[in-house]
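If you want the building blocks of each chain, they are given just below.
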Amino acid sequence: MTMIAPMRTLGGQRLLLTGILLIASTLRAPITGVAPMLGMIGETSGISAAEAGILTTLPLLAFAVISPVAAVLGRKWGIERSLFGALLVIAAGIALRSSGPVWALFAGTATIGAGIAVGNVLLPSLLKRDFPTRIASLTGAYAITSALAQALASVVAIPLAQLPGSNWHLSLASTLIFPLVALMAWAPQLGTHAAATVEPASSPHRGRIWHSLLAWQVTGFLGLTSLVFYIIVGWLPAILVQAGYPAATAGTLHGVLQLATAVPGLILGPMVRRMKDQRGIAIAVSLATCISLLGLWQCPALAMLWVALFGFGAGAAFILGLTFVSLRTSHSHQAAALSGMAQCLGYSLTAAGPPLAGLAHDATGGWEVALACCAVATVLMAVLGGSAGRAATI
């Protein structure tokens, strides 16, 4: 079966869009806001630097494990109900992570990742179903919202933790505001049901999508984008501190990076709509990301420039990757299947990135190897983007 978008009034569409944007605010902030506080968490909890680094990897492992299941949940329970359940899981994970014990810190982080994985997979499918002619612009809009939320979480993380009577537990708990507000806005959608129509027996999402070269190209582009992004997001404060920046400044630049990921959302939607294909822009943003990494490696004194450029390039690549999931598929269930495939494999690769970057740092005493490997990955991104961006469907 495939789903046809339910009929909605103008007010209903606005309420739906508001809910989509608020869900988007929960899909990165609860995990990327941890990076500036890793040092503080390690000092007060007694966990090692390697164990602290696992906090950035656990959500990625959860993404890889849960992503294939998310499409099944969407088909069985409906996209609206599945997204509401995902928000509940994220909220529960944040509460558990902030409760105090070290075991809860790790268990809560994994729980957050499981909830976010469902949202990551089903939001592109929802856009494909309900807004098939506005995919690029709405993908940009929810990428902007996600970037603003994660930038806010990063910038305020240390100041909140340093308030009188506060600590990193309370700072982490502050991100609970995102899923709680989203839950209130999304609750009206629980009474909405999409109509079902018969899907062709040969539907590609029933397993055959894994045999599509185009699907693998989209998966590779999204996977490498996530790999590079999460390595840099996870270790940027440490990279900047080693380059001589104070911890507070490193935290602010970490927020600048994530704020910069919002900028492409303002301009990419209109550009994509006018393009027959997206090969040129996929190559361009991949190479811009490469330049930023080389600059951060060779000239860290201009970190503000390189961080902003990285945020722009990586943010644009991420938006394009999500857009490819919708543009390269024929219907919402196929989009969910491709999204699940891309995120399962992509985040399996990504989960290895931050620990390997940390090991490379420990082995060499610097971040040069990690930055160089990330730069090489962006070149491969450009190659895959040049294929995934062509005007074709699976």
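In what follows, the structure referred to is the one given above.
Now for a look at the structure at hand.

The rules we used
- Note on numbering: residues in each chain are counted from 1, in written sequence order.
- Local features in this predicted model are restricted to residues whose pLDDT is 70 or higher, and side-chain atom pairs enter the listing and the counts only when it is 80 or higher, whereas totals over whole chains, interfaces and linings include all residues.
- The side-chain numbers reported here are obtained from all heavy atoms of the structure, hydrogens and water having been left aside.
- Only DSSP runs of H or I reaching four residues or more are called helices, and only runs of E reaching two or more are called strands; each is numbered from the N terminus.
- Only protein chains enter the accessibility calculation, which uses a 1.4 Å probe; a residue is then buried when its area is under 20% of its type maximum, exposed when over 50%, and partly exposed in between.
- In this analysis, two residues are considered to be in contact whenever any of their non-hydrogen atoms come within 4.5 Å of each other.
- Criterion for a disulfide: a pair of cysteine sulfur atoms within 2.5 Å.
- Salt bridge criterion: a side-chain nitrogen from Lys or Arg within 4 Å of a carboxyl oxygen from Asp or Glu.
- Pairing of aromatic side chains here covers Phe, Tyr and the six-membered ring of Trp, requires ring centres within 6.5 Å, and sorts the geometry by plane angle: under 30 degrees stacked, over 60 edge-to-face, intermediate tilted.
- Distance and angle both matter: a charge sits over a ring if NZ of Lys or CZ of Arg is within 6 Å of the ring centre and within 35 degrees of the ring normal.
- For a helix, the expected span equals 1.5 Å multiplied by the number of residues minus one.
- Fitting axes to the seven residues ending at a residue and to the seven starting there, one defines the bend at that residue as the angle between these axes.
- Counting of polar contacts relies on pairs of N or O atoms within 3.5 Å, with two restrictions inside protein: one atom must be capable of donating a hydrogen and the other of accepting it, and residues adjacent in sequence are counted only when both atoms are side-chain atoms.
- To obtain the arc, one takes the directions from the helix axis to the C-beta atoms.

In this section: the environment of alanine 147. Tracing the chain through its elements places alanine 147 in helix H7 (residues 135–161). Accessibility expressed as a relative area gives 0% for alanine 147, which makes it buried. When residues no more than four places from it in sequence are discounted, the contact partners of alanine 147 are Gln258, Leu259, Thr261 and Ala262.

Scanning the entire structure with this criterion turns up zero disulfides. Cysteine 374 supplies the cysteine sulfur nearest to cysteine 373, a cysteine that is in no disulfide, at a spacing of 7.2 Å.

Applying the stated criterion across every chain yields a total of three salt bridges. The closest approach of N and O atoms between aspartate 130 and arginine 129, which form a salt bridge, is 2.4 Å. By relative accessible area, which is 8% here, arginine 129 ends up buried. A salt bridge links arginine 279 to aspartate 277, with the nearest nitrogen and oxygen atoms 2.6 Å apart.

To continue, consider the packing of aromatic side chains. Considering all chains together, one arrives at six aromatic pairs under this definition. Relative to tyrosine 347, the ring of phenylalanine 63 has its centre 4.6 Å away and its plane inclined at 65 degrees; by these criteria the two rings are edge-to-face. Pair noted here: phenylalanine 63 is in helix H4 (residues 49–77) and tyrosine 347 is in helix H15 (residues 332–364), with a separation of 284 residues, a long-range link. Of the two residues, phenylalanine 63 and tyrosine 347, neither departs from the other in class, the shared state being buried. A centroid spacing of 6.2 Å and a plane angle of 75 degrees characterise the contact between tryptophan 210 and tryptophan 216, whose relative ring orientation is edge-to-face. Judged by relative accessible area, tryptophan 210 falls into the partly exposed class, the value being 36%. Here tryptophan 216 falls in the partly exposed class, since its relative accessible area comes to 39%. An aromatic cluster of three or more residues is present, and its members are Phe63, Phe229, Tyr230 and Tyr347. Over the ring of phenylalanine 229 we find arginine 28, and its NZ or CZ is 4.3 Å from the ring centre. Cation over ring: arginine 28 sits above phenylalanine 318, and NZ or CZ is 4.0 Å from the ring centre.

Okay, helix H10 (residues 213–242) next. Because the α-helix completes a turn every 3.6 residues, residues three or four places apart line up on one side. If you check H10, its first and last C-alpha atoms are 42 Å apart, about what 30 residues at 1.5 Å a residue would give, namely 44 Å. Within H10, the axis deviates most sharply at tryptophan 235, by approximately 55 degrees, and proline proline 237 lies no more than four positions further along. A distance of 3.4 Å separates the backbone nitrogen of leucine 214 from a side-chain oxygen at the start of H10, and that oxygen is part of serine 212. Among the residues trailing H10, glycine 244 stands out with phi positive, at a value near 110 degrees.

Buried residues of helix H9 (residues 177–186): Phe178, Pro179, Ala182, Leu183, Ala185 and Trp186, and no others. Summarising the axial view, the buried residues of H9 lie within an arc of 165 degrees, below the 170-degree limit, and thus occupy one face.

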